Amino acid sequence: MAQQSTIPAFCLEYWQNKAVEWGQATTLASQQDVCLHLQQLKDFLQEIFQKLQHMNTTAAIKTFPLVGQLLGRLCWNPCVVADEESQRTLLQCLWCLYSAEPQNAIELKANDWIQSLIRHLISDSETETENNSFIQILGYTSEEYHSNVVKCMVSSLVTELRESCCNGIHMPKRFTPDRLHSLSVFCIPLVTCLEAAPLIEALLTCCESGSGETLSADFLKAVGTALLQKKIGLQETVIIGLWLRYLPSLENVTLHLIETVVSTPHFSPQEMESLINDSLLPKASARHPHIFMIVDTIFRNILLESDGYLLVQTLMQMFTRSFIQALLFGEAQDKPPLKAFFPHNPQPLLMALLKHPSDVPSQVWPQHLLCIVETLKVAVEDKDNGGSQRGLFENWFLLVHCGDWVDIAAQQLIASKAETSEALLWLLAFYHHPNNENQQRTKLLAVARKVCDHLKVLFSSTTLSLSHLQTSLDLAEANSEESGSKYMFNQLFLNFLLFSAGGQVIAKDAVHLMTHGNLLNGISAMLAGAEHRLNSYGLMDYKAHRTLKLLQEHLKRKA
Amino acid sequence: MESILQNLNGMAELLAVARSEYVSHWDPETVQRAFQWATYFEHLHDRFRTNTRVHKALADRLLSINESLRNTFGLYRELSFKDVGHCRGVLLASLLSNPALPKTLSDTLFARLRPCCFDTTGQRDQSDLNHLIGIARLKAASKVLSHALKLDGSTGTKPYLLLLDPETETKGEMVLKSLETWMRCPSAGPRDKLVDSLFAQLQQDKINNSSDFSKIVAAVLLAKQTSTESGAVDLALKWLLSNRCQLQTFCLGVPCALLSELAHRYPAFRCAYLELLTKWARSMEYDFSCGDWRHGSSPELNWKELVDRFMYLLEGPTLVKEATETALCALKADDGDFEVWGISVWTDLLIALKKM
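Chain B is annotated in an unreviewed UniProt entry as Fanconi anemia group F protein of Acipenser ruthenus.

Here it is in structure tokens:
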């Protein structure tokens with residue numbers, strides 16, 4: 001097994017030797033060897049195909065003299081042909097060597113040979129005479145016949161597995177761990193075969209024998225990959241079972257989700273929500289704290305590596321929401337307590353933050369926000385637990401999970417009373433600068449306070465002009481070296497424009513000034529978020545809606 | 001409707017010719033027309049797939065077509081209605097495997113097997129290629145699974161599961177299912193005749209390998225998924241037991257363990273089987289020169305076989321075991337209840353069986 005990791009991916013000679021070896025020995029062990037190497041073989045065939053695509057036959061044979069032999073041998077190997085992907089790539093490679101207009105003797109010969117090979121591969125299965133008349137008398141096609149044979153074999157294996165796995169303590173198991181392992185290896189090429197699906201499920205649900213994993217890791221990997229590519233479908237419990245026993249499959253699903261979200265920045269909130277729910281991660285996380293920890297760790301790492309990239313934050317917030325819902329509304333057997341999922345955060349903070357804004361009436365929001373700020377301050381400034389660097393980070397990270405509240409805070413800020421404003425400002429500043437080592441938070445707080453005060457004065461005035469905002473805008477500009485601060489100020493201004501009495505008139509120009517024509521994406525995303533909040537929280541603010549639409553259209557035209 | 005049936009004739013003939021030496025006269029236009037016809041038939045299939053009345057009419061017509069064409073053409077490939085749905089694939093495969101096809105045509109046709117990604121002319125309907133590829137993949141899958149089945153497993157409590165290979169088992173189930181489908185059809189004739197004709201056809205098909213046919217019948221009787229209302233299995237059993245000679249061939253072609261299982265499931269079979277064995281044993285004569293029991297006319301019905309068969313019955317389930325024991329003892333008593341070797345075949349049988 002150690003040998004596998006040191007093989008260079010592209011090594012024709014290695015595979016040629018392998019193919020000879022497989023062809024000569026028809027023992028069970030050699031066939032298993034094929035299955036174990038299947039994924040690597042598929043990668044290799046794909047590489048060869050990429051190279052052969054751009055060569056004509058003579059050049060191909062000159063560069064890779066052994067390739068014809070290799071492909072030929074592989075065609076006769078059932079383990080290679082049974083897998084859909086490898087069969088397809090094999091055919092494509094063979095076709096690369098076929099010349100539509102042969103130029104020389106070599107090409108002619110190659111054509112003949114390839115024709116016979118492909119005929120064997122394809123048409124013989126349809127025209128074999130052995131079973132044909134029998135099948136046709138009954139009124140079946142040869143496809144149905146072969147499909148039924150496979151189903152029959154699958155069902156007898158499944159019956160044996162079921163009987164063997166769920167037995168009492170005293171009955172001897174028919175399926176020894178060795179045999180189970182070997183069976184799983186043989187199922188590697190059959191993972192995407194529709195008729196073999198019951199067998200795959202039965203293998204995955206077979207009771208664990210206790211000491212270590214009996215199923216082959218390559219098999220589990222193949223199932224994980226097929227699931228991700230949506231080539232097979234399995235029941236939810238089976239999928240979650242797979243994640244629990246083979247961690248890389250869970251990691252791949254999480255990474256795939258993140259990649260999809262990051263590479264398609266124009267997802268609507270509903271689309272993102274359904275994407276998250278379809279991945280099954282929230283449900284799985286709600287049932288198994290272990291899974292939640294792993295997914296959360298991956299999110300954290302990506303967030304930190306990407307320097308707090310906005311889409312990742314949004315993804316985390318939506319994931320947390322789905323996760324909490326799954327936790328609340330999932331089946332009631334053995335629900336783990338919140339502490340199991342968030343061991344480093346104090347319970348009061350968890351209770352305050354994990355309640356989603358849509359579950360709290362909007363009149364209660366100011367009080368709830370105050371509660372959040374107070375508990376957060378206690379947690380963060382507590383010298384024993386939260387004061388430490390670790391505690392600070394954990395609590396800030398929890399806040400990121402529940403970032404919806406931060407957005408609400410920004411929305412409420414301008415219209416709030418003096419005592420509340422201070423708290424809300426602190427929350428916003430903390431969100432963008434959790435670390436106050438160099439007094440960045442304090443500085444930001446000071447500036448933000450000034451801007452906020454200024455905006456509050458202008459809030460109810462119905463006749464506004466751009467010049468009124470100029471001082472605040474300049475002040476914000478001067479203190480926006482870091483993207484976090486800039487984001488915060490943009491939030492403040494945008495909320496002001498949407499909800500103030502006279503904001504609509506100057507909205508377009510103000511936005512233009514705020515962004516100097518750049519960073520429109522950031523503003524668009526903020527607007528999308530605001531729209532989502534207005535729609536989901538049932539706030540009947542027609543004026544705000546109108547201003548929002550105005551800005552969105554303006555930005556669309558600019559883009 | 002009549003025109004469709006006529007066209008069906010044409011299609012069957014087309015596919016038959018495609019496998020014969022007449023293709024040597026074909027040219028590119030003929031090939032193209034042939035594929036156009038095939039596409040038309042695929043549409044036909046799609047249209048009438050759910051209409052059971054038309055479906056049945058077409059299927060019946062095909063049966064008669066099959067019969068007549070089988071006599072005309074040497075290598076005839078029987079057709080079923082479902083084949084019509086894959087007409088192009090069948091046509092393609094038949095032509096490609098026909099050595100009489102001119103090389104240029106063969107090469108052009110071969111190009112149809114090219115996977116789509118190469119096609120600069122955009123997406124082509126590759127259902128014929130996909131159909132053929134799918135079959136090849138299923139065949140390979142069954143080979144891989146047969147490896148998996150061979151993995152060392154301790155003997156289970158159902159030995160017969162291991163005795164019927166998956167192919168035979170599948171064939172048996174398919175026969176049963178077909179039978180049930182045909183029996184449900186309102187226009188089907190008397191059920192006995194249905195079974196008779198079907199089995200006669202299958203027997204004819206396997207004329208060179210009667211043991212294969214017997215195993216298939218055994219698979220039918222042992223099939224796991226039967227709907228008891230249809231009574232198909234009972235009819236099959238009735239058919240088997242109706243003919244002495246047939247039953248004998250059956251019992252000789254099927255492994256003893258399977259027979260024992262059949263005896264367990266079907267009391268009627270148990271009686272018939274025991275009768276057969278009794279008759280067989282009775283016709284044995286003791287050969288003094290070599291001290292062995294022999295059958296006068298058929299040397300293959302030897303002593304060892306007889307003993308083996310009784311042994312399997314005695315090792316079988318309780319009911320079977322008891323019935324056999326009772327029968328043997330009764331026969332021994334009838335014969336005079338001797339304890340000495342060489343006089344009564346029953347005594348000797350019991351002695352030999354006790355030794356094992």
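Chemist: Help me understand the overall build of chain B in this model?
Modeler: A count of helices and strands for chain B gives 18 helices and two strands. Considering chain B as a whole, with its 356 residues, one finds that 49% of them fall into the buried category. In chain B, the proportion of contacts linking residues at least 24 apart, taken out of those at least 6 apart, comes to 64%. By element, 53% of the accessible surface of chain B is carried by carbon and sulfur atoms, the whole surface being about 17,800 Å².

Chemist: Is there a simple way to explain the overall build of chain A in this structure?
Modeler: Regarding its fold elements, chain A presents 32 helices and zero strands. Oriented by its inertia axes, the alpha-carbon framework of chain A measures out at about 90 × 70 × 50 Å. The burial tally for chain A puts 53% of its 559 residues in the buried class. Taking contacts inside chain A between residues at least 6 apart in sequence as the whole, the part at least 24 apart equals 68%. As displayed, chain A has an accessible area near 25,400 Å², and 56% of this comes from carbon and sulfur atoms. Of note, chain A has its 42 positive side-chain charges centred 6 Å away from the centre of its 56 negative side-chain charges.

Chemist: Please clarify how the interface of chain B and chain A should be interpreted in this entry.
Modeler: Contacts between the two partners involve 68 residues from chain B, matched on the other side by 64 residues from chain A. In total, chain B and chain A occlude about 6,200 Å² of area from one another, counting both sides; carbon and sulfur atoms represent 69% of this. Seen at the junction of chain B and chain A, the total is four residue pairs in polar contact (both at pLDDT 80 or more). In terms of residue count, the dominant contributor to the side of chain B that touches chain A is helix H7 (residues 127–150) of chain B (20 residues).

Chemist: Looking at this model, I keep getting lost on the side chain of Lys 18 of chain A. Mind explaining?
Modeler: Among the structural elements, Lys 18 of chain A can be located in helix H2 (residues 12–24). Once you skip the residues sitting within four places of it in the chain, Lys 18 of chain A turns out to touch Asp 33 and His 37 of chain A.

Chemist: Before we go on, may I ask you to explain the packing of aromatic side chains in this structure?
Modeler: The relative placement of two aromatic rings is captured by the distance of their centres and the angle of their planes. All names here are of chain A. Taken as a whole and judged by the stated rule, the model has 24 aromatic pairs over all chains. With a centroid separation of 6.3 Å and 10 degrees between ring planes, the pair formed by Phe 319 and Phe 323 is classed as stacked. Here Phe 323 and Phe 319 lie together in helix H20 (residues 310–329), a separation of four residues that amounts to about one turn. Of the two residues examined, Phe 319 and Phe 323, each falls in the buried class. An aromatic cluster is defined as three or more aromatic residues linked by ring pairs; in this entry it consists of Phe 292, Phe 299, Phe 319, Phe 323, Phe 341 and Phe 342.

Chemist: When you look at unusual backbone geometry in this model, what are you seeing that I'm missing?
Modeler: Only a minority of non-glycine residues have a phi that is not negative, and only a minority of peptide bonds are not trans. Residue and element names in this part refer to chain A. Look at Lys 230: it is not a glycine, yet its phi comes out positive at around 60 degrees. Relative to the assigned elements, Lys 230 resides in the loop between helix H14 (217–228) and helix H15 (236–245). When its relative accessible area of 71% is taken as the criterion, Lys 230 is described as exposed.

Chemist: Explanation requested: the nonpolar core in the structure shown.
Modeler: Where a protein is soluble and globular, its nonpolar side chains tend to be buried together. If you look at the biggest cluster of nonpolar residues, it comprises 300 residues, and the most contacted ones within it are Phe 219 of chain A together with Phe 269 of chain B. In contact with Phe 219 of chain A, other than residues within four places in its own chain, are Ser 184, Cys 187, Ile 188, Val 191, Ile 200, Leu 203 and Leu 204 of chain A.

Chemist: Mind showing me how you'd approach the pattern of salt bridges here?
Modeler: Where charged atoms from two side chains of opposite charge come close, those side chains can pair. Summed over all chains, the structure comprises 16 salt bridges over all chains. One salt-bridge network, in which partners are shared between bridges, spans Lys 42, Asp 83, Glu 85 and Lys 231 of chain A.

Chemist: Is there a simple way to think about the environment of Thr 515 of chain A in this case?
Modeler: Residues and elements named next belong to chain A. As for its placement among the helices and strands, Thr 515 is situated in helix H30 (residues 503–515). Overall, Thr 515 belongs to the buried group, its relative accessible area being 4%. For the pair Thr 515 and Asn 490, spaced 25 residues apart in the sequence, the C-alpha separation amounts to 8.7 Å.

Chemist: Would you mind going over the pairing of strand E2 (residues 292–295) of chain B with me for this structure?
Modeler: Side-chain positions along a regular strand alternate between the two faces of the sheet. Residue and element names in this part refer to chain B. Because side chains alternate across E2, one face comprises the buried residues Trp 293 and His 295, and the other comprises Asp 292 and Arg 294, none of which is buried. Sheet topology places strand E1 (residues 284–287) next to E2; four bridges connect them, and they run antiparallel. The partner of Asp 287 across the bridge, within E2, is Asp 292. What sits between the antiparallel neighbours E1 and E2 is a turn of four residues, in which Gly 291 has the positive phi angle 65 degrees.

Chemist: For this particular structure, what's the right way to read helix H16 (residues 247–263) of chain A?
Modeler: Taking 1.5 Å of rise per residue, the 17 residues of H16 of chain A would be expected to cover 24 Å, and the 24 Å separating its terminal C-alpha atoms lies within 8% of that figure. Turning to H16 of chain A, its buried residues are Ser 249, Leu 250, Val 253, Thr 254, Leu 257, Ile 258 and Val 261 of chain A.

Chemist: Even after reading the chapter, I still don't get helix H11 (residues 210–222) of chain B, so can you show me in this structure?
Modeler: Two residues of an α-helix separated by three or four positions point the same way, owing to the 3.6 residues in each turn. Between its first and last C-alpha, H11 of chain B extends 18 Å over 13 residues, near the 18 Å set by a 1.5 Å rise per residue. Listed as buried for H11 of chain B are Phe 213, Ser 214, Ile 216, Val 217, Ala 218, Ala 219, Val 220, Leu 221 and Leu 222 of chain B.

How each quantity is defined
Residues numbered from 1 in each chain as written. Chains lettered and ligands numbered in written order. Predicted model: local features only at pLDDT ≥ 70, side-chain atom pairs only at ≥ 80, totals over all residues. Heavy atoms only, no water. Helix = DSSP H or I, 4+ residues; strand = E, 2+ residues; numbered from the N terminus. Buried < 20%, exposed > 50% of the residue type's maximum accessible area, 1.4 Å probe, protein only. Contact = heavy atoms within 4.5 Å. Areas by Shrake-Rupley, 256 points an atom, 1.4 Å probe, with all protein chains shown as cover. Lys, Arg positive; Asp, Glu negative; His and termini not counted. Charge placed at Lys NZ, Arg CZ, Asp CG, Glu CD. Buried area = accessible area lost by both parts, 1.4 Å probe. Polar contact = N/O pair within 3.5 Å; in protein donor to acceptor, adjacent residues only side chain to side chain. Phe/Tyr/Trp six-rings, centres within 6.5 Å; stacked < 30°, edge-to-face > 60°. Core = buried A, V, L, I, M, F, W, Y, C linked by side-chain atoms within 4.5 Å. Salt bridge = Lys/Arg side-chain N within 4 Å of Asp/Glu carboxyl O. Pairing = 2+ DSSP bridges. Expected span 1.5 Å × (residues − 1).

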